[in-house]
Amino acid sequence: MIKCKGIQKSYDKIQVLRNIDFELAEGEICSIVGASGAGKSTLLHILGTLDSPDSGMIELCYTDVDSLSKNQLAHFRNQNIGFIFQFHHLLPELTALENAALPAYIYGVDEKSANRNAQLLLDRLNLSHRMYHKPSELSGGEQQRVAMARALINKPKILLADEPTGNLDQSNAEEVLSLLLEMRKEFNITTIIVTHDLNIASRTGKIFTMRDGMIVN
Ligand SMILES: Nc1ncnc2c1ncn2[C@@H]1O[C@H](COP(=O)(O)OP(=O)(O)O)[C@@H](O)[C@H]1O
Ligand SMILES: [Mg+2]
């Protein structure tokens, strides 16, 4: 479901990714661990088509993403890939419901159905009582669960999470992580979690370690 070969990336002549080959089958989950600066986020962004490699091949959902035009790629991403970042990146002016439904509005789902789907998801993520709150009125754990609803609203095939609990205290981190694992299993979403926390990594089947822009095991 996720496949890349020979991925190279440099910033200002500094090589950040060195010849990365990586594969993940449909429905699999893995984590990527490694020290800060190892290139984890860069790799995740490139796999998520948010950034492009200097060279190498990426296939997502059996599609060579390089063959897509800019518009096709934006549509492909909206349809197939859910992202969760360390910081929620919710839009401050929108309610939890609207933030969660936003990718569905963009997809072209009518507002009523989009809102209904968002409501169901937010219910599942224990946010029934927070639908009409703005992000600033939510706790860190609640904000991150809204971000999770937004990532899942279009039923993506692929979920990419970059330090999803990195900004939370332990009990909120545990709630977000266990909901994430539960939802991705239920929807059979191929998932990568980037983390420097080995306790989190140990909750996924496979663990890849990055060092100096390479996957070392
Ligand atoms: N947009 C960028 N411009 C310049 N350097 C960058 C950029 N993004 C990342 N880097 C550099 O690439 C290296 C890897 O960063 P990153 O992928 O964020 O590592 P990690 O997520 O493992 O901490 C770091 O040295 C970082 O400074
Ligand atoms: Mg990072």
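Position numbers for residues count from 1 along each chain, tracking the sequence in the order it is written. Following the order in which they are written, the chains are lettered starting with A and the ligands numbered starting with 1. Local features are withheld for residues below a pLDDT of 70 in this predicted model, meaning they are given only at 70 or higher, and side-chain atom pairs are given and counted only at 80 or more; totals for whole chains, interfaces and linings count all residues. Water and hydrogen atoms play no part in the side-chain values, which are based on all heavy atoms of the structure.

### Describing the overall build of the protein
Put simply, the test is: Put simply, DSSP marks the helices as runs of H or I at least four residues long and the strands as runs of E at least two long, and each gets a number from the N terminus on. Radius of gyration here is computed from C-alpha atoms only, and the compact-globule reference equals 2.2 Å multiplied by the residue count raised to the power 0.38. Three labels apply to residues, based on accessible area from a 1.4 Å probe with only protein chains included: buried if under 20% of the type maximum, exposed if over 50%, partly exposed otherwise in between. Two residues qualify as a contact provided that any one of their heavy atoms is within 4.5 Å of a heavy atom in the partner residue. Under the counting rule used here, the positive set is Lys and Arg, the negative set is Asp and Glu, and His together with the chain ends is not counted. A charged residue contributes its charge at one atom only: NZ of Lys, CZ of Arg, CG of Asp or CD of Glu.
Of the regular secondary structure elements, the protein holds 7 helices and 10 strands. Computed over the C-alpha atoms, the radius of gyration of the protein is 17 Å, within 12% of the 17 Å expected from 2.2 N^0.38 for a compact globule of 217 residues. For the protein, the C-alpha atoms occupy an extent of roughly 45 × 40 × 35 Å along the three principal directions. In the protein, buried positions account for 49% of the 217 residues. A separation of at least 24 residues holds for 72% of the contacts in the protein among residues at least 6 apart in sequence. Positive and negative charge centroids in the protein, built from 22 and 26 side chains respectively, lie 2 Å apart.

### A short note on the nonpolar core
Just so we agree on the cut-off: To qualify as a nonpolar core, a set must consist of buried Ala, Val, Leu, Ile, Met, Phe, Trp, Tyr and Cys residues joined through side-chain atoms within 4.5 Å.
Of all hydrophobic cores here, the largest spans 36 residues; its most connected members are Leu122, Met148 and Ile193. Where this core is concerned, the elements lending two or more residues are helix H3 (96-107), helix H4 (111-124), helix H5 (140-152), strand E7 (158-162) and helix H6 (170-186). With 7 residues, the single largest contributor to this core is H6. Among all residues touching leucine 122, those that are not within four sequence positions of it are Ala96, Leu97, Ala100, Leu127, Ser128, Met131, Val146 and Ala149. Residues Ile20, Ile32, Cys61 and Val194 belong to the second largest nonpolar core, which totals 30 residues.

### So, the pairing of strand E9 (residues 206-211)
Successive side chains on a regular strand alternate, one facing one side of the sheet and the next facing the other. The criterion, for reference: A strand pair is defined by DSSP finding two or more bridges across the two strands.
Pairing geometry for strand E3 (residues 29-33) and E9, over 4 bridges, is parallel. Residue pairing in the sheet places isoleucine 32 in a bridge with phenylalanine 208 of E9. Here 2 bridges tie E9 to strand E10 (residues 214-215), and the two strands are oriented antiparallel to one another. Its bridge partner being in E10, arginine 211 is matched across the sheet by methionine 214.

### Section: the sheet that holds E3
Defined as follows: For every element, the axis is a line fit to its C-alpha atoms; helices are fit only across the contacting stretch, and the angle between N-to-C directions ranges from 0 to 180 degrees.
One open sheet accounts for 6 strands, arranged E6-E7-E8-E3-E9-E10; its pairing is mixed. With one partner strand each, in any of the chains shown, strand E6 (81-84) and E10 form the two edges of the open sheet. Bridge count between E3 and strand E8 (residues 190-194): 4 bridges; the pairing is parallel. Within E8, the position partnered with isoleucine 32 by the bridge is valine 194. This element, helix H2 (residues 70-80), spans E6 and E7 of the sheet and lies at about 75 degrees to E6.

### Some thoughts on the pairing of E7
In terms of residue burial, E7 counts as a mostly covered element, since 5 of its 5 residues are buried. Across the two faces of E7 the burial is the same, with Ile158, Leu160 and Asp162 and Leu159 and Ala161 all buried. Taken together, the 5 bridges between E7 and E8 define a ladder with parallel strand orientation. Bridge assignment links aspartate 162 to a residue of E8, and that residue is valine 194.

### Section: the site of ligand 1
Our working rule: Note on terminology: near, applied to a residue and a molecule or strand, indicates that one of the residue's heavy atoms is within 4 Å of it. Here a polar contact is taken to be a pair of N or O atoms separated by no more than 3.5 Å, where protein atoms must pair a possible hydrogen donor with a possible acceptor and residues adjacent in sequence count only if both atoms sit in side chains. Residue burial considers only the protein chains on display, and all accessible areas are found by Shrake-Rupley using a 1.4 Å probe. Throughout, the ten residues Ala, Val, Leu, Ile, Met, Phe, Trp, Tyr, Cys and Pro are labelled nonpolar, Asp, Glu, Lys and Arg are labelled charged, and all others, Gly among them, are labelled polar.
Residues in contact with ligand 1, as listed here, are Tyr11, Val16, Ala35, Ser36, Gly37, Ala38, Gly39, Lys40, Ser41 and Thr42. One of the side-chain N or O atoms of serine 41 is found 2.8 Å from an oxygen atom in ligand 1. Bound to the protein, ligand 1 loses 56% of the 560 Å² it would expose on its own. When residues of the shell around ligand 1 are assigned to their parent elements, the largest contribution, 3 residues, is made by helix H1 (residues 40-47). When grouped by side-chain class, the residues that make up the shell around ligand 1 number 4 nonpolar, 5 polar and 1 charged.

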